[in-house]
Amino acid sequence: MAIPTLGLPVSKLVRVDVFMSPQAAATRSFGSLLICGDSDVIDVTERIRQYDTVESVGLDFGADSPEYKAAVLYYSQRPRPADLYIGRWATEPTQARLNGALLDEYQTDIAIWQAISNGGFDIAIDGTNRTITGLDFSGVSNLNAVAGIITDALAGKAVCVWNATLRRFEITANSTGSTSVLGYATKPSYAVGLATEAGQQINTEAGAHIIVTSGSGATDISGMLGLADGMAYPPVDGIDSETPEECAMRMVDLSADWYGLMFAARKPITTKQHVDVAALIEASEISHIYGITTDNKAVLDASITTDIASRLRSLSYQRSFVDFSTTARYTAAAIFGRAFSVNFRASNSTITLMFKEQVGVPSEKLSAQQAATLKKKNCNVFVLYNNGKAILQHGTMAGGWFFDERHGLDWLQNLMQTEVFNLLYTSNTKIPQTEQGMGYIETTLAKCCGQALTNGLIAPGIWNSDPIGDELDRGAALSTGFYIYHQPIADQFQSDREQRKAPVFQVALKLAGAVHSVDVLVAVNR
């Protein structure tokens, strides 16, 4: 019998288990813009691509693209914003596409391809399988020539190109719309033929498969192309053309990473289409803001009510804004860029857009009447004053709210929602349905309001609205800029308690506001 040498485990007397709280959920970004454009760079499956520099946008889209021009205005603002997304708007029916894998130096060695005189592969195009054989690359000098030979063999059904930047082959169907589909490349289909005489074969066709009857068969190049299953990216099916509203709907459903939305495309958007997008953004469960640039001088005429600014104002939309410019097409990007430089976690960091510069945007010269009309229509403009300075005025949403109010309150709403969720989620036990538990929730909400006080969104002041709870009445002072009230647990309905609902919490906030104009009366005595 073996004699123990370590002794009895201490865990028999003292047992210690370590529990790590779950990782808390992160808050959303309220400094991220989504620019939707119609350049054929991002496919309709990827849909959204993130960027952090204007140079990377230029490399993908080119300097003449609307997406790049909007990105330039966005990143030109100071302080500089950080987060940018670009999305694909399918203004026309799109083509199916198969993007191959990244090929290494060996796979792109032209000598490897020159050794193939009878290459082949199968590929399904628009639901019909195509067998491509007889591909002779012995005389090619580069991979563009390889792609050209494949394109000829595809016989008008699709086009193959070599993307030197991404080091991959790409096949695009010539068909468009929802019926345009591609499959992966596979090994070629071939069967035994009937020899009629020495060296001669009879080719037949069975269904959609061309039966190839060569003595040795075609060399499978589906893997060499990087277009086989397990190598290539998933095939991208074509879709029918979509309206701006349909595009925005897909973007809202696809990602909550972006907050601001604008379009920068070659195809113009009508007033009705802008209104449709604004309606979607207004009704969305996840908070967003929609920006529009207009050069229509109808916004300067007080008698006209059919322009985009007048239409959105009449609908009281508080999640869309209009910027007027006769010289630049995507000035909404400049407004987003300046607003999205705000860091809500910092001290005294909130801003008003009034008086701000729009870097890269030529200023407008307006009459006093025209400026008054724009103000009445809640339409923003970067305007020149007679002291030689140009400013953005008035920083308003179409419905009359100021941009910074909409922006800041969306941030605070998300912060409260996320932090209360994290309180419930990260507890290793539970938040009890007691006054102590309600105190935990109230403390969490107070911490969120405290950050709003720190960044300047709210401030101490007088409450001039309806009473809340037992302590806050009209005319009462809010010394911290906020007040939190919840119904006592003892007064909660049993039906709510049995559903494990917390009593309703009510939060009163006093916005800090901002000074946009000053009146000075000077009394002079001789």
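Note: the structure precedes this text.
Thresholds applied
- Residue positions are counted from 1 within each chain, in the order its sequence is given.
- Selection of residues for local features in this predicted model requires a pLDDT of at least 70, selection of side-chain atom pairs for listing and counting requires 80 or more, and totals for whole chains, interfaces and linings are taken over all residues.
- Excluded from the side-chain calculations are hydrogens and water; all other atoms, namely the structure's heavy atoms, are used.
- The term salt bridge refers to a side-chain nitrogen of Lys or Arg lying within 4 Å of a carboxyl oxygen of Asp or Glu.
- In this description a helix means any DSSP run of H or I spanning at least four residues, a strand means any run of E spanning at least two, and both kinds are numbered starting from the N terminus.
- Nonpolar cores were defined as sets of buried Ala, Val, Leu, Ile, Met, Phe, Trp, Tyr and Cys residues, with membership established by side-chain atoms within 4.5 Å.
- Relative accessible area decides the class of each residue, using a 1.4 Å probe on protein chains only: under 20% of the type maximum gives buried, over 50% gives exposed, and in between gives partly exposed.
- Any two residues whose heavy atoms approach within 4.5 Å are treated as being in contact.
- In this analysis an axis means a line fitted to C-alpha atoms, helices contributing only their contacting stretch, and an angle means the value between N-to-C directions, from 0 to 180 degrees.
- We call two directions roughly parallel when the angle between them is under 35 degrees, roughly antiparallel when it is over 145, roughly perpendicular when it lies between 65 and 115, and oblique otherwise.
- We call a crossing left-handed when the near helix sits turned anticlockwise from the far one by less than a right angle, and right-handed when that turn is clockwise.
- All amino acids are sorted into three groups, where Ala, Val, Leu, Ile, Met, Phe, Trp, Tyr, Cys and Pro are nonpolar, Asp, Glu, Lys and Arg are charged, and the leftover types, Gly among them, are polar.
- Paired strands, as defined in this entry, are two strands with at least two bridges between them according to DSSP.

Participant: Account for the pattern of salt bridges, naming residues and giving values.
Facilitator: A full pass over the atoms with the stated rule returns 15 salt bridges. Where D38 meets R266, a salt bridge forms, and the shortest distance between an N and an O atom there is 3.8 Å. On the criterion of sequence distance, the pair formed by D38 in the loop between β1 (32-37) and β2 (48-51) and R266 in the loop between β14 (260-263) and α6 (271-283) is long-range, its members being 228 residues apart. Connected through salt bridges with shared partners, the residues D40, R88 and R97 form a single ionic network.

Participant: Residues and numbers for the nonpolar core, please.
Facilitator: The tendency in soluble globular proteins is for nonpolar side chains to be buried as a group. Residues M262, F336 and F403 are the most contacted members of the largest nonpolar core, which totals 55 residues. Considering every element that reaches this core, the biggest residue donor is helix α10 (residues 403-425), with 7 residues. Excluding residues that lie within four positions of it along the chain, M262 makes contacts with L33, L34, I35, C36, A70, Y290, G291, Y330, A332, A333 and F336. In terms of nonpolar packing, the next biggest core, distinct from the first, is built from 33 residues, L34, L300, I308 and C379 among them.

Participant: Can you break down the packing of helix α5 (residues 244-254) against α6 residue by residue, with the values?
Facilitator: Two elements in contact, α5 and α6, have axes separated by 8 Å at closest approach and are oriented at 25°. Comparing their axes, α6 and α5 come out roughly parallel. Considering the relative orientation of α5 and α6, their crossing is right-handed. Taken together, the residues of α6 that come into contact with α5 (itself represented by P244, E245, A248, M249 and V252) are Q273, D276, V277, L280 and I281. For the contact of α5 with α6, the residue count by class is 7 nonpolar, 1 polar and 2 charged.

Participant: A description of the sheet that holds β2 should follow, citing residues and the corresponding values.
Facilitator: Read from one edge to the other, the open sheet built from 8 strands follows the order β2-β3-β1-β14-β15-β16-β17-β18, with strand pairing classed as mixed. Of all strands in the sheet, those with a lone pairing partner are β2 and β18 (390-393), marking the two edges. On average, each strand axis in the sheet is tilted by 25° relative to the strand beside it, whichever way the strands run. Pairing of strand β15 (residues 289-294) with strand β16 (residues 320-324) involves 5 bridges; the strand directions are parallel. Looking at β16, one finds that I292 is bridged to V322. Its contacts with the sheet put helix α8 (residues 332-339) on β1, β14, β15, β16, β17 (379-384) and β18, and the angle it makes with β15 is roughly 140°.

Participant: Can you lay out the packing of α10 against helix α11 (residues 435-455) for me, pointing to particular residues and giving the numbers?
Facilitator: Two numbers describe how α10 lies on α11: the axes approach to 9 Å, and their chain directions differ by 150°. Taken together, α10 and α11 sit at an angle that is classed as roughly antiparallel. α11 is crossed by α10, and the crossing has right-handed handedness. Facing α10, whose interface residues are W411, L412, L415, M416, E419, V420 and L423, α11 presents Y440, I441, T444, L445, C448, C449, Q451, A452 and N455. In terms of residue class, the contact of α10 with α11 is built from 12 nonpolar, 3 polar and 1 charged.

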